[in-house]
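# Fold and contact review
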Amino acid sequence: MTFKLPDGNDVDALKNVSIDLRKGELLSILGPSGCGKSTLLNIVAGFLTPTDGQVMLNGHQVTGPGAERGMVFQQGALFEWMNVRKNIGFGPAMQGMAETQIRPRVDALLETVGLNGFANKAVYELSGGMQQRVALARCLANDPDVILMDEPLGALDALTREKMQSLILKLWKETGKTIILITHSVEEALLLGERLLVMAPRPGHIHREYQLPFADMAVDTDLRNIKKHPDFNQRREEILSMIWEMEEDIMGMKA
Ligand SMILES: Nc1ncnc2c1ncn2[C@@H]1O[C@H](COP(=O)(O)OP(=O)(O)O)[C@@H](O)[C@H]1O
Ligand SMILES: [Mg+2]
């Protein structure tokens, strides 16, 4: 993916990136700022057309946004003028589903994301964590094959973030959805990835790939216990050092 800047210069945002995503896989992507994570996700979402290469889903080329790919943004993507129920039911309503069918689907999703009793609340009445629960439910309401998350928990405080990490793991296990999750947090990338891709910049590419046991472990163990696991700590240190060096490199090049 090459961006053309107004001054005529090119930015090579991504180069030679190739990923095979297995159905039902939970993939996390980590990397320093500017390494092309959002660009990659936006290409998969169909918001951006790559200057070269393609995205294939279920044998069809992606040419634009589609209901089979759902996106969860960091924040601010809910409709402030609609209550929780309307927000969650928005996709199905747009697809022409009858109100009598939408209602039970929204109720079930409220239960799934732990927001029973919040259907009639306004978005501004909810905490940041609750808003992200609504965003997850709204995404699930379209029953997408693939869920794309761009730093979905980035704006939350530590405790809320940990609860949401558990929720994402629970949703992954219960729904069997394929998920790509981008994060800045090494811990989160380790917890929320069966596979982890570490990206590096200039131009953005996949630097390292890890197969990880933690997401599976976390389905029936407390996240705290996993974070204390020696294997987890070892991986965290290894990846932190790697990213640290990358950041130093980037700073060095900028100086
Ligand atoms: N619309 C755009 N026009 C020009 N350059 C862009 C655009 N979007 C992203 N870039 C550049 O592409 C690179 C990757 O950006 P991005 O995908 O946002 O990185 P990340 O999400 O990893 O922080 C950066 O150098 C960024 O400045
Ligand atoms: Mg980004």
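Residues numbered from 1 in each chain as written. Chains lettered and ligands numbered in written order. Predicted model: local features only at pLDDT ≥ 70, side-chain atom pairs only at ≥ 80, totals over all residues.

### Here's the deal with the overall build of the chain
Within the chain one finds ten helices and ten strands. Computed over the C-alpha atoms, the radius of gyration of the chain is 19 Å, within 12% of the 18 Å expected from 2.2 N^0.38 for a compact globule of 255 residues. For the chain, the C-alpha atoms occupy an extent of roughly 55 × 45 × 35 Å along the three principal directions. Per-residue burial over the chain gives 35% buried out of 255 residues. Of the contacts formed within the chain by residues at least 6 apart in sequence, a portion of 69% connects residues at least 24 apart. (Helix = DSSP H or I, 4+ residues; strand = E, 2+ residues; numbered from the N terminus. Rg over C-alpha atoms; globule rule 2.2 N^0.38 Å. Buried ≥ 20, exposed ≤ 12 C-beta atoms within 10 Å, placed from the backbone. Contact = placed C-beta atoms within 7 Å.)

### Focus: the packing of helix α5 (residues 128-141) against helix α6 (residues 158-175)
The N-to-C vectors of α5 and α6 enclose an angle of 15°; their axes lie 10 Å apart at closest approach. With respect to α6, the axis of α5 lies roughly parallel. Regarding α5 and α6, the two cross each other, and that crossing is right-handed. Residue-level contacts link Gly128, Gly129, Gln132, Leu136 and Leu140 of α5 to Thr160, Lys163, Met164, Leu171 and Thr175 of α6. In terms of residue class, the contact of α5 with α6 is built from four nonpolar, five polar and one charged. (Axes fitted to C-alpha atoms, helices over the stretch in contact; angles between N-to-C directions. Parallel < 35°, antiparallel > 145°, perpendicular 65-115°, else oblique. Left-handed = near helix turned anticlockwise from the far one by under 90°. Nonpolar A, V, L, I, M, F, W, Y, C, P; charged D, E, K, R; others polar.)

### Side note on the sheet that holds strand β6 (residues 69-72)
Pairing is mixed across the open sheet formed by six strands, whose spatial order is β6-β7-β8-β3-β9-β10. Each edge of the sheet is formed by a strand with only one pairing partner; in this case those strands are β6 and β10 (205-211). Recorded for the sheet is a direction-independent mean angle of 20° between the axes of neighbouring strands. Taken together, the four bridges between β6 and strand β7 (residues 146-150) define a ladder with parallel strand orientation. For Gly70, the partnering residue across the bridge sits in β7 and is Ile147. (Pairing = 2+ DSSP bridges.)

### Some thoughts on the domain arrangement of the chain
In terms of domain boundaries, the chain breaks down into domain 1 (2-68 + 145-254) and domain 2 (76-143). Taken over C-alpha atoms, the centre of domain 1 sits 25 Å from the centre of domain 2. Taken together, the contact pairs twelve residues of domain 1 with twelve residues of domain 2. If you tally residues by element for the side of domain 1 that touches domain 2, the top one is α6, at six residues. Tallied by class, residues from the side of domain 1 that touches domain 2 come to nine nonpolar, two polar and one charged. (Domains from an automatic or database assignment.)

### A closer look at the site of ligand 1
Around ligand 1, a shell composed of 13 residues is seen, among which Phe3, Ala13, Lys37, Ser38 and Thr39 lie nearest. Here the element with the most residues in the shell around ligand 1 is helix α1 (residues 37-45); it accounts for three residues. A per-class count over the shell around ligand 1 returns five nonpolar, seven polar and one charged. (Near = placed C-beta within 6 Å.)

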